Amino acid sequence: MLLRGCTIRNTDWCFGLVVFAGPDTKLMQNSGRTSFKRTSIDRLMNILVLVIFAFLATMCLILAVGNSIWEYKKGYYFQVYLPWAEGVHSAPFSGFLMFWSYVIILNTVVPISLYVSVEVIRLGHSYFINWDKKMYCAKRCTPAEARTTTLNEELGQVEYIFSDKTGTLTQNIMVFSKCSVNKRSYGDVLDVLGYKAELGEKTEPVDFSFNPLADPNFTFWDTGLLEAVKLGDPHVHEFFRLLSLCHTVMSEEKNPGELYYKAQSPDEGALVTAARNFGFVFRSRTPKTITVQELGQPVTYQLLAILDFNNVRKRMSVIVRNHEGQIRLYCKGADTILLERLHPGNQELYNVTTDHLNEYAGEGLRTLVLAYRDLEESYYTSWAERLQRARTISEGREDRVARLYEEVENDMVLLGATAIEDKLQQGVPETIALLTLANIKIWVLTGDKQETAVNIGYSCKMLTDEMTEVFIITGHTVLEVRQELRKAREKMMDSSRSVGNGFTYPEKVAASNLTSVLEAVAGEYALVINGHSLAHALEADMELEFLETACACKAVICCRVTPLQKAQVVELVKKYKKAVTLAIGDGANDVSMIKSEWRGWRSAKGGPHFWVRGSKNRPRPPIKMWLCWEINREMSEINSI
């Protein structure tokens with residue numbers, strides 16, 4: 001059964017039957033309650049209209065009471081020629097009827113047309129965004145599209161921007177750049193003496209002409225990796241065998257020799273394409289088999305199990321049986337998760353690979369660790385039976401399945417690491433610099449590792465060498481995180497007290513509101529925090545300390561965070577700062593963050609810009625955003641669920 005939202009691929013036609021499964025399905029359980037977002041003008045108009053209604057009711061009540069008093073004292077004498085209407089027998093009842101008469105007479109006090117007039121003005125402003133030539137993406141022939149008429153009035157009031165990194169700050173075009181296999185790093189351009197060299201006009205890429213199924217758009221610069229494949233290095237062969245098997249990519253061959261891969265994520269597509277060019281070509285898959293062409297020889301593996309990737313596991317595994325009957329688990333995932341599950345055997349390989357990972361992350365590359373484990377036939381049979389029973393129970397099914405996944409994904413052998421490059425969008429550094437001048441604070445919430453996030457932060461000029469200090473929070477316990485946050489605040493407070501020439505602020509400043517003092521600190525600071533530290537920082541007894549420290553910084557980078565943590569950070573700022581916020585994302589893992597914001601944006605590939613206009617209190621300069629936004633598409637998809 002296919003749930004709503006699924007896409008059928010490689011299928012020309014099919015018969016379908018729509019089945020309503022009710023609100024107990026996983027999709028409906030995760031949909032959540034849709035919150036209606038109102039702008040500040042909407043809220044102000046609602047208050048004004050309520051006040052006007054109250055004023056109207058008060059006026060009508062006063063007039064009705066006056067009418068009752070007049071009818072009681074004076075109206076009796078005029079009944080000879082001004083008799084009461086039929087059914088009216090007393091002055092109070094006459095006043096009751098006059099109350100509603102005055103409501104009808106004075107109803108023009110209520111500005112019903114105000115809503116229509118404001119909405120027409122908003123509609124016109126939204127067309128200015130759609131017609132802006134500077135927001136037109138010529139590469140994709142796509143103009144900017146305002147999917148809500150209230151967008152323009154909110155832009156000038158934004159104080160905090162929460163942005164994803166991949167696909168938002170970067171282009172989301174993944175390129176296999178480097179890898180580490182058996183204590184050797186591949187991907188650097190080397191000169192004649194074996195030293196690293198810069199790419200130049202005379203640099204020739206690796207020649208893949210020996211492989212008729214190679215992707216002509218794939219480029220790699222280190223010939224040493226191809227030589228290792230041709231020489232039959234078993235570690236390199238196993239490395240690319242893992243890349244060609246451990247994925248969910250679908251293959252389509254429209255013409256002989258022309259393969260087209262359809263991947264759920266650009267990362268998977270880049271890794272499978274790399275294996276394809278180096279001779280391990282993924283050809284096809286069925287529910288029970290995977291066919292790979294290894295150096296020209298077709299090999300079919302029996303697919304025994306797929307251990308899916310999710311944002312909690314941060315890894316994916318497959319269990320396959322080769323033609324010799326050997327059962328092997330292949331796994332790829334984040335280094336913080338996978339390195340903890342390795343067999344403690346080869347410590348030297350572990351140390352060298354870790355050094356390579358840090359080097360790749362320092363260059364801003366997205367890294368993954370690869371590992372495998374051989375399974376005995378008896379153990380796999382027992383494990384598969386327990387997994388089948390766990391999947392059929394009604395209560396605690398997900399927890400039991402997760403424990404079985406944890407059990408089999410242990411004591412693995414480290415195979416290597418991959419590094420994928422995702423280039424910045426055009427003009428991102430200039431955009432962020434202008435946003436900073438407009439006193440808008442930018443928080444980047446990403447799932448990448450710390451070194452990669454920090455490097456991207458420097459590349460897009462969120463982090464600069466001129467900053468007073470960049471605080472890095474890496475504590476693994478509540479106590480460690482609390483101490484690191486307090487040390488950061490103490491340093492900022494010390495710098496804010498000292499003005500120069502030995503003069504210091506009096507003690508009464510330190511006793512004032514801590515948040516206002518921290519936000520007025522002298523110097524520029526930045527905060528970088530890991531996902532495991534953020535989990536402690538978001539606890540109820542520490543969230544205010546984290547917020548005070550983060551809001552005093554010019555830039556905040558949260559790395560290795562889950563979608564739930566993204567939403568929690570946004571809710572924290574909205575709860576205590578009462579500020580207009582903007583969320584920018586491009587994937588399903590950003591939906592929770594976008595739903596939590598005042599304004600939700602979904603970014604797309606491209607390069608035009610939009611203008612952020614001045615707020616009512618402090619004018620802001622026009623700010624070029626060299627990103628092409630598809631406004632609120634994500635929100636419309638959420639509301640349709």
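This one's a predicted model, so the numbers in the text were calculated from it and none came from an experiment.

**A look at the overall build of the protein chain**
Okay, so step 1: Of regular secondary structure, the protein chain possesses 22 helices and 21 strands.
Okay, so step 2: For the protein chain, with 641 residues in total, the buried portion stands at 47%.
Okay, so step 3: The contacts in the protein chain between residues at least 6 apart in sequence include a share of 69% that link residues at least 24 apart.
Okay, so step 4: In the structure as shown, the protein chain presents an accessible area of about 34,100 Å², 56% of it carried by carbon and sulfur atoms.

**Some words on the side chain of arginine 315**
Okay, so step 1: Here arginine 315 lies in strand S9 (residues 315–321).
Okay, so step 2: Classification of arginine 315 as buried rests on a relative accessible area of 2%.
Okay, so step 3: Among the polar contacts listed, one links the side chain of arginine 315 to the side chain of glutamate 406, at a separation of 3.1 Å.
Okay, so step 4: A polar side-chain atom of arginine 315 sits 2.6 Å from a polar atom in the side chain of glutamate 409.

**So, the packing of helix H6 (residues 223–230) against helix H7 (residues 234–245)**
Okay, so step 1: Closest axis-to-axis distance for the H6/H7 pair is 8 Å, and the angle between their directions is 100 degrees. It follows from the interaxial angle that H6 and H7 lie roughly perpendicular. When H6 is examined against H7, the residues Leu225, Ala228 and Val229 are found in contact with a partner set consisting of Val236, His237 and Phe240.
Okay, so step 2: For the contact of H6 with H7, the class distribution of residues is five nonpolar, one polar and no charged.

**Comments concerning the pattern of salt bridges**
Okay, so step 1: Per the counting criterion, the structure on display carries 30 salt bridges.
Okay, so step 2: Residues arginine 366 and aspartate 267 are paired through a salt bridge, measuring 3.0 Å at the closest nitrogen-oxygen approach. Taken together, the residues span a long stretch of sequence, with arginine 366 in strand S11 (residues 366–375) and aspartate 267 in helix H8 (residues 266–277) at a distance of 99 residues. Both residues of the pair, arginine 366 and aspartate 267, count as buried.
Okay, so step 3: One salt bridge in this structure joins glutamate 545 and arginine 489, with 3.3 Å as the shortest N-O distance. Remark: arginine 489 occurs in helix H15 (residues 478–497) and glutamate 545 occurs in helix H19 (residues 543–551); sequence separation between them is 56 residues. Across the pair, arginine 489 and glutamate 545 agree in class, each one buried.

**Brief notes about the sheet that holds strand S10 (residues 327–333)**
Okay, so step 1: Spatial ordering of the open sheet is given by S3-S2-S12-S11-S10-S9-S8-S7-S6, a layout of nine strands whose pairing is antiparallel. Of all strands in the sheet, those with a lone pairing partner are strand S3 (184–186) and strand S6 (280–285), marking the two edges. Recorded for the sheet is a direction-independent mean angle of 30 degrees between the axes of neighbouring strands.

**Some thoughts on the packing of helix H11 (residues 377–392) against helix H12 (residues 397–408)**
Okay, so step 1: Between H11 and H12, the least distance of the axes is 8 Å, while the angle of their chain directions is 165 degrees. Of the possible angle classes, the one that applies to H11 and H12 is roughly antiparallel. Like other packed secondary-structure pairs, H11 and H12 cross with a definite hand, here left-handed. Across the interface between the two elements, Tyr379, Trp383, Arg386, Leu387, Ala390 and Arg391 of H11 pack against Arg397, Arg400, Val401, Leu404, Tyr405, Glu407 and Val408 of H12.

**Points about the packing of aromatic side chains**
Okay, so step 1: According to the stated counting rule, one finds 22 aromatic pairs in the structure shown.
Okay, so step 2: Centroid distance tryptophan 13 to phenylalanine 15: 5.5 Å. Interplanar angle 85 degrees. Geometry classified as edge-to-face.
Okay, so step 3: Connected via pairs of aromatic rings, a cluster forms that spans Phe176, Phe208, Phe218, Phe220, Phe239, Phe240, Phe278 and Phe280.
Okay, so step 4: Over the ring of phenylalanine 210 we find lysine 230; its NZ or CZ atom is 4.9 Å from the centre of that ring.
Okay, so step 5: Its guanidinium or amino end placed over the ring of tyrosine 261, arginine 276 lies 5.3 Å from that ring's centre, counting from NZ or CZ.

**Some words on helix H20 (residues 563–577)**
Okay, so step 1: The end-to-end C-alpha separation of H20 is 21 Å, in line with the 21 Å expected for 15 residues at 1.5 Å each.
Okay, so step 2: Listed in full, the buried residues belonging to H20 are Pro563, Gln565, Lys566, Ala567, Val569, Val570, Leu572 and Val573.
Okay, so step 3: After H20 finishes, the residue lysine 578 shows a positive phi value of roughly 55 degrees.

**Brief notes about the pairing of S9**
Okay, so step 1: S9 sits mainly inside the fold: seven of its seven residues count as buried.
Okay, so step 2: Judged from the five bridges that link them, strand S8 (residues 297–307) and S9 form a sheet pairing that is antiparallel. Of the residues in S9, the one forming a bridge with isoleucine 306 is valine 318.
Okay, so step 3: Between S9 and S10, which follow one another and run antiparallel, lie five residues, and glycine 325 among them has a positive phi close to 90 degrees.

**Examining the environment of glycine 66**
Okay, so step 1: Among the structural elements, glycine 66 can be located in helix H2 (residues 40–73).
Okay, so step 2: Overall, the relative accessible area of 37% leaves glycine 66 in the partly exposed class.
Okay, so step 3: Between the C-alpha atoms of glycine 66 and methionine 98, which are 32 residues apart in sequence, the distance is 10.0 Å.

**Looking at unusual backbone geometry**
Okay, so step 1: The phi torsion at lysine 461 lies on the positive side, around 65 degrees, for a residue other than glycine.
Okay, so step 2: Relative to the assigned elements, lysine 461 resides in the loop between helix H14 (450–459) and strand S14 (469–473).
Okay, so step 3: In this structure lysine 461 comes out as partly exposed when scored by relative accessible area, which is 49%.
Okay, so step 4: For lysine 578, which is not glycine, the phi torsion reads 55 degrees and is therefore positive.

**Here's the deal with the nonpolar core**
Okay, so step 1: Core analysis: the biggest nonpolar cluster contains 47 residues, and Phe240 and Phe278 have the highest contact counts within it.
Okay, so step 2: Within the second largest apolar cluster, 34 residues are counted, among which are Leu538, Val569, Val570 and Val573.

**Overview of H14**
Okay, so step 1: Across the 10 residues that make up H14, a large majority, seven, are buried.
Okay, so step 2: Buried within H14 we find Gln450, Thr452, Ala453, Val454, Asn455, Ile456 and Gly457.
Okay, so step 3: Contacts from the buried residues of H14 go to helix H10 (347–362), strand S12 (413–424), S14, strand S17 (525–530) and strand S18 (555–559).
Okay, so step 4: With its phi angle positive at about 65 degrees, lysine 461 sits one or two positions after the end of H14.

**Observations concerning the confidence of the model for the protein chain**
Segments scoring low in pLDDT should not have their predicted coordinates read at a detailed level.
Okay, so step 1: In the predicted model, the protein chain carries a mean pLDDT of 81, and the fraction of residues at 70 or more is 82%.
Okay, so step 2: Scored below 50 in pLDDT, residues 499–514 makes 13 contacts in the model with residues more than four places away or belonging to other chains.
Okay, so step 3: Scored below 50 in pLDDT, residues 604–641 makes 123 contacts in the model with residues more than four places away or belonging to other chains.

**A short note on a nonpolar patch on the surface**
Okay, so step 1: On the surface, Phe93, Phe96, Leu97 and Trp100 cluster together into a nonpolar patch covering about 400 Å² of accessible area.
Okay, so step 2: Structurally, phenylalanine 96 is set in helix H3 (residues 91–105).
Okay, so step 3: Using a relative accessible area of 47% as the deciding quantity, one classes phenylalanine 96 as partly exposed.

Rules used in this analysis
- Residues numbered from 1 in each chain as written.
- Predicted model: local features only at pLDDT ≥ 70, side-chain atom pairs only at ≥ 80, totals over all residues.
- Heavy atoms only, no water.
- Helix = DSSP H or I, 4+ residues; strand = E, 2+ residues; numbered from the N terminus.
- Buried < 20%, exposed > 50% of the residue type's maximum accessible area, 1.4 Å probe, protein only.
- Contact = heavy atoms within 4.5 Å.
- Areas by Shrake-Rupley, 256 points an atom, 1.4 Å probe, with all protein chains shown as cover.
- Polar contact = N/O pair within 3.5 Å; in protein donor to acceptor, adjacent residues only side chain to side chain.
- Axes fitted to C-alpha atoms, helices over the stretch in contact; angles between N-to-C directions.
- Parallel < 35°, antiparallel > 145°, perpendicular 65-115°, else oblique.
- Nonpolar A, V, L, I, M, F, W, Y, C, P; charged D, E, K, R; others polar.
- Salt bridge = Lys/Arg side-chain N within 4 Å of Asp/Glu carboxyl O.
- Pairing = 2+ DSSP bridges.
- Left-handed = near helix turned anticlockwise from the far one by under 90°.
- Phe/Tyr/Trp six-rings, centres within 6.5 Å; stacked < 30°, edge-to-face > 60°.
- Lys NZ or Arg CZ within 6 Å of the ring centre and 35° of its normal.
- Expected span 1.5 Å × (residues − 1).
- Core = buried A, V, L, I, M, F, W, Y, C linked by side-chain atoms within 4.5 Å.
- pLDDT = per-residue confidence, 0-100.
- Patch = residues over 30% accessible without salt bridge, like charges linked within 9 Å, V, L, I, M, F, W, Y side chains within 5 Å.

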